[in-house]
Amino acid sequence: MTFINPKTDFAFKKIFGSTDSKDILISFLNALLYEGNSTIEDLEIIDPYLPPSIPGLKDTFLDVKAKITGNKIVIIEMQVLNVVAFDKRVVFNAAKTFATQLKSGEGYSRLNSVIALTITDFQMFPHRNKVISRFTFADMEDLFIYPEHPLELVFVELPNFQKDLNELETLTDKWIYFMKQTSNLDSVPETMDEVAAIQKAFRIANQANLSLEDLETLEKQQMFLEDQRGAILKGIEQGLEQGLEQGLEQGRQQGLEQGRQQGKQEGEIGLILRLLERRIGAIAPELQTRLRQLPSGQLEALADAVLTFTDFTDLTTWLQDNTQS
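Note that this is a predicted model, so its numbers are computed, not measured.

Caption draft 1: Highlighting the nonpolar core. Core analysis: the largest hydrophobic core is formed by 49 residues, its most contacted members being F16, L25, F28, L29, W175 and F178. Apart from the residues lying within four places of it in its own chain, the contact partners of L29 are Y34, I40, L43, I68, V74, I76 and L117. In terms of nonpolar packing, the next biggest core, distinct from the first, is built from 20 residues, I272, L294, L315 and L319 among them.

Here is the structure:
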């Protein structure tokens, strides 16, 4: 058997976000949010997944939204690439989901708690080395928790999960292993086949059950992700080389430091230019020069905004709003 990678947009939403995936999502959320306890008895998938009409529209991150037991709202996002300011985007999406619950004239008592579950294919907090991290509002002195947990952030860092198949004990272990290793398996492991929801998830993930259109969509998304990884690595490599060369010309100590800084900036602008070309087309040389003159803080803001651009007008509008002529 060959299984699709659940970390891609198409596979993730097909497995967890379709109208037929309620039991799978309940098991998955109970495992990652509630240590395998049956806290969530029922849920409603909001805006169930439908195959995209424009493949590649949203490939660098994925999400599913559901209302669970207790009227809590869960937003699930899986991030494959470590992009600039991703940590802030997680908070923004959670806060936006919380705030947009109310219509004009409705009281704040109608607001329900929001849980943002973020699964990363990279280390989100490198110095912690934890698989699951949980955050909510708490007093900074005695850690008193803010009543009713209005916002919760839960992170699952796949690289930190190091258990082998024979070491899986809990439902949580099995679901994290499913997310991390499914595309490397050629059969359903016996220990995981015992869980009905995981068995069903493997059945959906089996490439033999996909249509030709599904397979084409999946292939395009995998190619897109590989292109993005390559662009990031190439940008960093070129930036470091250019920065180090310029730095060495100005002296050993001063040059090395300056080279690191210039290399970082060249890497950032190289990546941004590649992303812009993919989103809106070729960038004129004079506009490239203008972008290279942006300070580091504005480059970071532009890198985050690029993913929302659809045409050249979006770029010029952003520059008008965020820079001075």
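Still more to cover.
Caption draft 2: Highlighting the pattern of salt bridges. Counted under the stated rule, the structure contains 8 salt bridges. In this structure, K22 and D42 form a salt bridge, with 3.4 Å as the shortest nitrogen-oxygen distance. Highlighted residues: K22 in helix α2 (residues 22-33) and D42 in the loop between α2 and β1 (43-46), separated in sequence by 20 residues. If you follow the salt bridges from partner to partner, you end up with D20, D23 and K200 in one network.

Caption draft 3: Structural detail: the pairing of strand β3 (residues 72-79). Burial of β3 is extensive: 7 of the 8 residues sit out of reach of the surface. In this fold, the crossover linking β3 to strand β4 (residues 114-120) by way of helix α3 (residues 86-99) has right-handed handedness.

Caption draft 4: Molecular detail of unusual backbone geometry. Even without being a glycine, N71 presents a positive backbone phi close to 60°. One can find N71 in the loop between β2 (61-68) and β3. The exposure class of N71 is partly exposed, given its relative accessible area of 44%. Its identity as a non-glycine residue notwithstanding, L143 has a phi of 60°, on the positive side. Among the structural elements, L143 can be located in the loop between β5 (132-136) and β6 (151-157).

Caption draft 5: Representation of α2 in the model. Given a rise of 1.5 Å per residue, 12 residues ought to cover 16 Å, and the 16 Å separating the end C-alpha atoms of α2 matches this to within 8%. In terms of burial, α2 is a largely internal element, 10 of the 12 residues being buried. Residues of α2 that are buried include every one of I24, L25, I26, S27, F28, L29, N30, A31, L32 and L33, and no others. Positive phi appears at E35, one or two residues downstream of α2, with a value of about 55°.

Rules of the game
- Residues numbered from 1 in each chain as written.
- Predicted model: local features only at pLDDT ≥ 70, side-chain atom pairs only at ≥ 80, totals over all residues.
- Heavy atoms only, no water.
- Core = buried A, V, L, I, M, F, W, Y, C linked by side-chain atoms within 4.5 Å.
- Buried < 20%, exposed > 50% of the residue type's maximum accessible area, 1.4 Å probe, protein only.
- Contact = heavy atoms within 4.5 Å.
- Salt bridge = Lys/Arg side-chain N within 4 Å of Asp/Glu carboxyl O.
- Helix = DSSP H or I, 4+ residues; strand = E, 2+ residues; numbered from the N terminus.
- Right-handed = clockwise from strand over helix to strand, strands pointing away.
- Expected span 1.5 Å × (residues − 1).

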